[in-house]
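Analysis of the macromolecular model
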Amino acid sequence: MSPLHTVNKSPFSSTALASCLAHATDDAAILLIEDGVYAALAAAQQPEPLKAAAARGAVYALEPDLIARGLADAPLIAGMKRVDYAGFVDLTATHSSVMAWV
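Residues numbered from 1 in each chain as written. Predicted model: local features only at pLDDT ≥ 70, side-chain atom pairs only at ≥ 80, totals over all residues. Heavy atoms only, no water.

With that settled, consider the nonpolar core. In this structure, V7, L32, V59 and M80 are the most contacted members of the largest nonpolar core, which totals 24 residues. Looking at this core, the elements with two or more residues in it are α1 (16-23), β2 (29-32), α2 (48-55) and β3 (59-62). The element that contributes the greatest number of residues to this core is α1, accounting for 4 residues. Among residues more than four places away in sequence, those in contact with L32 are V7, L17, V37, A39, A40, V59, Y60, A61, L62 and M80. Among the nonpolar cores identified, the runner-up in size contains 8 residues, and L4, L31, L62 and L91 belong to it. (Core = buried A, V, L, I, M, F, W, Y, C linked by side-chain atoms within 4.5 Å. Buried < 20%, exposed > 50% of the residue type's maximum accessible area, 1.4 Å probe, protein only. Helix = DSSP H or I, 4+ residues; strand = E, 2+ residues; numbered from the N terminus. Contact = heavy atoms within 4.5 Å.)

Structure (structure tokens):
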């Protein structure tokens, strides 16, 4: 089973996402939570590794955090999937480990 990486910091104020992407393997999943959901926005300039992971269907954004930041209807990068809290639990249950990038 592959790992799940969670990123809770905005890519505009932290290097957590860049560090995650540098260490995540191709079979890993990435879940953007809290301010990390800003990385999901299609309008923001995104690193190529994040776009590639999203294209593989391996990147998720926590919907309640998008809503809390007024981004419920904002277009996300291609391939990005929205998940609710139940989806978050499912991701943790279906991956071998969870690594939090803070």
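Moving on: the pairing of strand β1 (residues 4-7). Residue alternation in β1 divides its side chains into two sets, L4 and T6 and H5 and V7, and both sets are buried. Pairing analysis gives 4 bridges linking β1 to β2, with the strands arranged parallel. What sits directly across from H5, in β2, is I30. Handedness of the crossover joining β1 and β2 through α1 is recorded here as right-handed. Pairing of β1 with strand β5 (residues 98-101), which is carried by 4 bridges, proceeds in the parallel orientation. By the bridge assignment, V7 is partnered in β5 with W101. (Pairing = 2+ DSSP bridges. Right-handed = clockwise from strand over helix to strand, strands pointing away.)

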